[in-house]
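The residues making up each chain are set out below.
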Amino acid sequence: MLDKIKEFASTFFVTGDPMIYGADVSIALAMIGIVFVLTYFKKWGWLWKNWLTTVDHKKVGIMYILAAILMLFRGGVDALLMRIQLATPDVTLLHPEHYNQIFTTHGTIMILFMAMPLMFGLFNIAVPLQIGARDVAFPFLNALSFWLFFMGAMLFNLSFVIGGSPDAGWLSYPPLSELQFSPGVGQNFYIWGIQISGIGSLATGINFIVTIIKMRAPGMTWMKMPVFTWSVFSSCVIIIFAFPILTVTLALLFLDRFGGGHFFTLDFGGNPMMYINLIWMWGHPEVYIVVLPAFGIYSEVISVFSKKKLFGYKSMVYAMFMIAILSFFTWAHHFFTMGSGADVNAFFAISTMVIAIPTGVKVFNWLFTMYRGKITFKTPMMWAIAFIPNFLIAGLTGVMLSVAPADFQFHNSYFLIAHFHSALIGGVVFGYLAGLYYWWPKMFGFTLPETPGKWAFWFWNIGFYVCFIPQYSLGLMGMTRRLSTYGWDTGWQPLNLVSTVGAFLMGIGFLFQVLQILLGIKNFRKLKDTTGDPWGGHTLEWSIPSPAPEYNFATIPQVEERDDWWAEKDKRAKGIFRKQSPIEAIHMPKNSAIPFIMSVFFFIAGFGFVFGWSFFYIPGLIGVAICMICRSFFSYDGDYYIPADEVKRTEAAIRGSV
Amino acid sequence: MAQAAAHQSHDHDHGHHDPQELKMLGFWIFLVTDVILFSTLFATFVVLRNSTAGGPGGAELFNMTGVIIETFLLLTSSFTSGLAVLAMNKGSMKGLINWLIVTAILGLGFIGFEVYEFVELVHEGANFGTSAFLSAFFTLVGTHGLHVSLGLVWMIGLMFQLKKRGLTSETKGKVSALSLYWHFLDAVWIFLLSVVYLMGVM
Ligand code: HEM
Ligand SMILES: [Cu+2]
């Protein structure tokens, strides 16, 4: 009996590596610590009422952002481990199998569990406020989306200490990811972690499309809508077309592994190439899903900190939609070398290059917005400006990669690694950081201290170029991706060492950001944003106090202009005041425990499918079904009213302290 | 926090939007995502249609009588779900429930035949794992069947809610969404019939 348990435990828990024991211990300690603190300060009720069951989009947004930052940390540690391994050819910090696991988890986490939730967090914080709405269209669904993402991410991360991590790359190409070549449970963790959070992403896409179509404040026509909201809208349109493809693709892979199917196997008529087509039909648009909102943020930030209207608003909007549509016609540029034939390659090469046109339009619009503007160099603006030169490099190397014959040289080399990190870090992460700094006061009611923020900025930026520029050369020198070691005679060592130093500089930048947040919390009284409009904003979210009250707007604004709040401030300065409509009772959604509980059941079901344990997945699925039925039966009184008097009191209290 | 009970009249509450209208739009968009989901499965099926790996193909396997009966059942049920909505719009609770029951029975019949068909195939040795073609076939047709089954559970649950709540704007909204869903499954079946079965036996 005891032997049996021991045997089970040795396959169930990941063993062997001191790093993993370290992780086990630190996870256990963190858990005990959290439970202790919550119990000691009697915070369980607070946690449950204010966070776990909340349907307030602003709180959901904050939870997304917190989780994303945690994942940035995990993905970043993975990255540093890989970079240490590569700094000198003969260190063996990571064995080859371990290296495979780490680049797989790094890529997956960074894109699906860091970039996506950070983006959704910003959607949640900014969109309803920008369009003058009190909520998103489906607050319950919104909370559910968050918890599905969270549970999916936790399931994926669990593979590190239980069962073993996936190691077939972040897109899990078969046949490598098939049972025959990946017999462990790692791939199953990959499939279910992504699948569960993917349902959440799809629901968020639907939610925000409906919100933006239906819930704009009166007077806000499409062409008066803030650019960030436009970028969210286009990103969500891509989500609803791309994510179902991912869902199906992963489901088919799972059917192969779990049910003995032959979609992508090498025998019985399976076709691995079909997987590669399908996954990139999601994967390429995914890049634009994450980058378009960053473009939206750059547009907002650059115009606010240049004290000018955005140059070429309409062309910005059209460019975003061009990009959204074109992004679905470029997927094959990821496998020019895999025998599609010259005609197919030519089509995809050209469609890829065409995307450079609307992107170029946007860059020029940003430059023209800054031209002759009164620029103030606050942290959000610094990140936005830093993006421009970087994206020129990323865009240029992207066009180089899209030349099909040349891609036979670059394919899967470090040149590619450098290119997509430039796009993803310099384009996406810089953008979200700019957005985070920009909306921080709106979320928490205080601004972050600038000095440590500037240090963070410079460390990140210098580190970024030091890390990735050498990689372009390494790629041209023949270094391929997913290598864990190489010989001294290749001559790659010096550049790799430089690159590793750059990665550590970025890591220091991250530490400065943590420090900045801690200092901000410590001095929040001094840094308090009493105006609600610390940057001189243009859009509606800056017309209400910081942090926004739970009902957002005491009275729904009547929109007249594109940069409505800016125009209104102008008029107020001239002594013209808009008539305020009287305060009325406000309709609000009630908290609900179902999203959280249902996602826990999803987690249990997912865990069961990972190990093929029916005593987990059957109860899990039943739990999910019961939650859905409960929701359907009890959805009739999911709301309440805040009486007008209470709104008036709240408003007086917030505005009174101004 | 003071909480006043939510009341019926939402009319002049600024900033509040007709929840039924939001839900309907959301549901339409959800259906778009479902279209993409089925399109992906169709594409997969079409690519793998001839990858029988030496095993049996559609022409040898499909029992067209069963398929015709299934088609008949599902098309009729789509029609009766339409009648249910008509009854609802006339304010007839009884008509609504009765037509929903007829719809559910027809839907159940469809599922019954489909399950029978699947069991037959497996008996003949045409399993999910026999060839890529069969993997794709079972997945595509099975996904549709799963959708129909979920629709049935939804329909039955909704009947209980109708009994309890009566005809309110909320229950009406739910019935409209359900009937939309049901028509959608009907449309998907027409594609299945042509792409999988008719082209398969031809
Ligand atoms: C913060 C600094 C970062 C560093 C130092 C870093 C470093 C690395 C390294 C060393 C690899 C492995 C290359 C190889 O051996 O093939 C890698 C792969 C990858 N990284 Fe990063 N990375 C960083 C940030 C990010 C971010 C922000 C994202 C996405 C938003 C990202 C996405 C990826 C992806 C998708 C892969 C490919 C994984 C695979 O080959 O399956 N990385 N990164
Ligand atoms: Cu691409």
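Note that the structure is a prediction, hence the values are computed from the model and not measured.

Visitor: Give a description of the overall build of chain A that names residues and reports values.
Guide: In terms of regular secondary structure, chain A is built from 21 helices and two strands. In terms of overall dimensions, chain A is globule-like: its C-alpha atoms have a radius of gyration of 25 Å, near the 26 Å expected for 658 residues. Its C-alpha atoms give chain A principal-axis dimensions of about 75 × 60 × 45 Å. The proportion of buried residues among the 658 residues of chain A is 58%.

Visitor: So what's going on with the UniProt feature "transmembrane region" (unreviewed entry) in chain B? Which residues, and what values?
Guide: All names here are of chain B. UniProt tags residues 25-47, 67-88, 95-113, 133-160 and 180-200 as "transmembrane region" (unreviewed entry). A distance of 27 Å separates the end C-alpha atoms of residues 95-113, which is 100% helix and 0% strand. Taken end to end, residues 180-200 comprises 100% helix and 0% strand; its first and last C-alpha atoms sit 29 Å apart.

Visitor: Quick one: what's the story with the site of ligand 1, residue by residue and with numbers?
Guide: Residues and elements named next belong to chain A. Neighbouring ligand 1 are 24 residues; Tyr99, His106, Trp170, His421 and Arg482 lie closest to it. Side-chain polar atom of His106 to a nitrogen atom of ligand 1: 2.8 Å apart, as the coordinates give it. Contacts to ligand 1 include Arg481, whose side-chain N or O atom sits 3.1 Å from an oxygen atom. Broken down by secondary-structure element, the contributors of at least two residues to the shell around ligand 1 are helix H4 (57-87), helix H5 (96-130), helix H15 (414-444) and helix H17 (493-522). Its residues placed into classes, the shell around ligand 1 shows 17 nonpolar, four polar and three charged.

Visitor: Let's hear about a nonpolar patch on the surface: which residues, and what values?
Guide: Taken together, the side chains of Val25, Ile27, Leu29, Met31 and Ile32 of chain A make up a nonpolar region of the molecular surface, amounting to roughly 500 Å² of accessible area. Positionally, Met31 of chain A belongs in helix H2 (residues 18-40).

Visitor: Help me get a handle on the state of the cysteines, residues and values and all.
Guide: Applying the stated rule across the entire model yields zero disulfides over all chains. With no disulfide of its own, Cys627 of chain A has Cys630 of chain A as its nearest cysteine by sulfur position, at a separation of 6.4 Å.

Visitor: Got a sec to walk through the coordination of the copper ion (ligand 2)? Specific residues and values, please.
Guide: Coordination sphere of the copper ion (ligand 2), protein contribution only: His284 of chain A (ND1), His333 of chain A (NE2) and His334 of chain A (NE2), at 1.6 to 1.9 Å. For His333 of chain A, a relative accessible area of 14% gives the class buried.

Visitor: Outline the UniProt feature "domain: Cytochrome oxidase subunit I profile" (unreviewed entry) in chain A, listing residues and values.
Guide: Look at the UniProt record and you will see "domain: Cytochrome oxidase subunit I profile" (unreviewed entry) annotated at residues 40-560 of chain A. Note that residues 40-560 of chain A is 68% helix and 0% strand, and that its end C-alpha atoms are spaced 52 Å apart.

Visitor: For the environment of Met159 of chain B, give the residues involved together with the corresponding values.
Guide: Residues and elements named next belong to chain B. By the element assignment, Met159 lies in helix H5 (residues 132-165). Residues Met159 and Leu100, spaced 59 residues apart in sequence, show a C-alpha to C-alpha distance of 7.8 Å. In this view, Met159 contacts Ile97, Leu100, Ile101 and Ala104; residues no more than four positions away in its chain are not counted.

Visitor: Go over the packing of helix H9 (residues 272-305) of chain A against helix H13 (residues 379-402) of chain A, please, and point to the residues and values.
Guide: Residues and elements named next belong to chain A. Running from N to C, H9 and H13 point in directions that differ by 120 degrees, and their axes come no closer than 9 Å. Considered as vectors, H9 and H13 are oriented oblique to each other. Considering how the two elements wind past one another, H9 and H13 form a crossing that is left-handed. On H13, the residues that touch Phe295, Tyr298, Val301, Ile302 and Phe305 of H9 are Pro380, Met381, Trp383, Ala384, Phe387, Ile388 and Phe391. Here the contact of H9 with H13 is built from residues that sort into 12 nonpolar, no polar and no charged.

Visitor: Which residues make up the coordination of the iron atom of ligand 1, and what values go with them?
Guide: Looking at the iron atom of ligand 1, one finds its protein donor set to be His106 of chain A (NE2) and His421 of chain A (NE2), positioned 2.0 Å from the metal centre. Given a relative accessible area of 12%, His106 of chain A falls into the buried group.

Visitor: Any details on H9 of chain A? Residues and values, ideally.
Guide: Three or four residues apart is the spacing at which side chains of an α-helix point the same way, because the helix has 3.6 residues per turn. All names here are of chain A. Along its 34 residues, H9 runs 50 Å from first to last C-alpha, staying within 8% of the 50 Å computed at 1.5 Å per residue. Considering bend angle alone, the principal kink of H9 is centred on Trp280 and spans about 30 degrees. Two residues or fewer past H9, Lys307 is found with a positive phi of approximately 50 degrees.

Visitor: Outline the domain arrangement of chain A, listing residues and values.
Guide: Buried accessible area, meaning the area lost when the parts come together, often serves as the stated size of an interface. Residue and element names in this part refer to chain A. Domain annotation for chain A reports domain 1 (1-41) and domain 2 (42-581). Between domain 1 and domain 2, roughly 1,200 Å² of surface is buried when both sides are summed, and carbon and sulfur atoms account for 70% of that area. Across the domain 1-domain 2 interface, the total number found is zero salt bridges. At the boundary of domain 1 with domain 2, the tally comes to seven residue pairs in polar contact (both at pLDDT 80 or more).

Visitor: So what's going on with empty space enclosed by the protein? Which residues, and what values?
Guide: Residues and elements named next belong to chain A. Summed over all chains, the structure comprises four cavities of 30 Å³ or more. Around the largest cavity, the lining residues are Leu112, Met116, Pro117, Phe120, Phe149, Ile194, Ser197, Gly198, Ser201, Phe243 and Leu246. Breaking the lining of the largest cavity down by element, the ones donating at least two residues are H5, helix H7 (186-214) and helix H8 (227-259).

Visitor: Outline the interface of chain A and chain B, supporting the account with residue identities and numerical values.
Guide: Listed by partner, the interface residues are 42 residues for chain A and 48 residues for chain B. A buried area of about 4,000 Å², summed over both sides, lies between chain A and chain B, and 68% of it is on carbon and sulfur atoms. Three residues stand out in chain A for area buried against chain B, namely Lys214, Tyr636 and Tyr641 of chain A, and they jointly supply 19% of the buried area on that side. Here chain A and chain B share one salt bridge between them. Residue Glu21 of chain B pairs with Lys214 of chain A through a salt bridge whose shortest N-O separation is 2.7 Å. Remark: the boundary between chain A and chain B carries eight residue pairs in polar contact (both at pLDDT 80 or more). At the level of elements, H7, H8, H9, helix H20 (614-634) and strand S2 (639-642) of chain A are the ones that each hand at least two residues to the side of chain A that touches chain B.

Visitor: Hey, could you go over the packing of aromatic side chains for me, with residue numbers and the actual values?
Guide: All names here are of chain A. Tallying each qualifying case throughout the model produces 98 aromatic pairs over all chains. Centre to centre, the rings of Trp383 and Phe430 are 4.9 Å apart; their planes meet at 75 degrees, and the pair counts as edge-to-face. Of this pair, Trp383 sits in helix H13 while Phe430 sits in helix H15, and the two are 47 residues apart along the sequence. Across the pair, exposure class does not vary: Trp383 and Phe430 are buried alike. In this arrangement the basic side chain of Arg74 is found over the ring face of Phe160, its NZ or CZ atom lying 5.1 Å from the centre. Here the basic side chain of Arg562 rests over the ring of Tyr313, its NZ or CZ set 3.7 Å away from the ring centre.

Visitor: Lay out the nonpolar core in plain terms, naming residues and giving numbers.
Guide: Within the largest apolar cluster, 244 residues are counted, with the highest numbers of intra-cluster contacts made by Trp366 and Tyr432 of chain A together with Phe137 of chain B. Sort the elements by how many residues they give to this core and H9 of chain A lands first, with 20 residues. Counting the residues that make up this core, at least three belong to each of domain 1 (1-41) and domain 2 (42-581) of chain A. Once you skip the residues sitting within four places of it in the chain, Tyr432 of chain A turns out to touch Ala115, Leu118, Met119, Leu122, Val290, Pro293, Ala294 and Ile297 of chain A. Tyr99, Phe103, Ile417 and Leu474 of chain A belong to the second largest nonpolar core, which has 13 residues in total.

Rules used throughout
Residues numbered from 1 in each chain as written. Chains lettered and ligands numbered in written order. Predicted model: local features only at pLDDT ≥ 70, side-chain atom pairs only at ≥ 80, totals over all residues. Heavy atoms only, no water. Helix = DSSP H or I, 4+ residues; strand = E, 2+ residues; numbered from the N terminus. Rg over C-alpha atoms; globule rule 2.2 N^0.38 Å. Buried < 20%, exposed > 50% of the residue type's maximum accessible area, 1.4 Å probe, protein only. UniProt positions renumbered as here; feature names shortened; annotations may be inferred. Near = heavy atom within 4 Å. Polar contact = N/O pair within 3.5 Å; in protein donor to acceptor, adjacent residues only side chain to side chain. Nonpolar A, V, L, I, M, F, W, Y, C, P; charged D, E, K, R; others polar. Patch = residues over 30% accessible without salt bridge, like charges linked within 9 Å, V, L, I, M, F, W, Y side chains within 5 Å. Areas by Shrake-Rupley, 256 points an atom, 1.4 Å probe, with all protein chains shown as cover. Salt bridge = Lys/Arg side-chain N within 4 Å of Asp/Glu carboxyl O. Disulfide = S-S within 2.5 Å. Donors = N, O, S within 2.8 Å, 3.2 Å for Na, K, Ca; no water. Contact = heavy atoms within 4.5 Å. Axes fitted to C-alpha atoms, helices over the stretch in contact; angles between N-to-C directions. Parallel < 35°, antiparallel > 145°, perpendicular 65-115°, else oblique. Left-handed = near helix turned anticlockwise from the far one by under 90°. Expected span 1.5 Å × (residues − 1). Bend = angle between axes of the 7 residues up to and from the residue. Domains from an automatic or database assignment. Buried area = accessible area lost by both parts, 1.4 Å probe. 1 Å grid on protein atoms, 1.4 Å probe; cavity = no way out; pocket = protein on both sides within 12 Å on 5 of 7 lines; lining within 4 Å. Points joined across faces, edges and corners; volume = space filled by probe spheres on them. Phe/Tyr/Trp six-rings, centres within 6.5 Å; stacked < 30°, edge-to-face > 60°. Lys NZ or Arg CZ within 6 Å of the ring centre and 35° of its normal. Core = buried A, V, L, I, M, F, W, Y, C linked by side-chain atoms within 4.5 Å.

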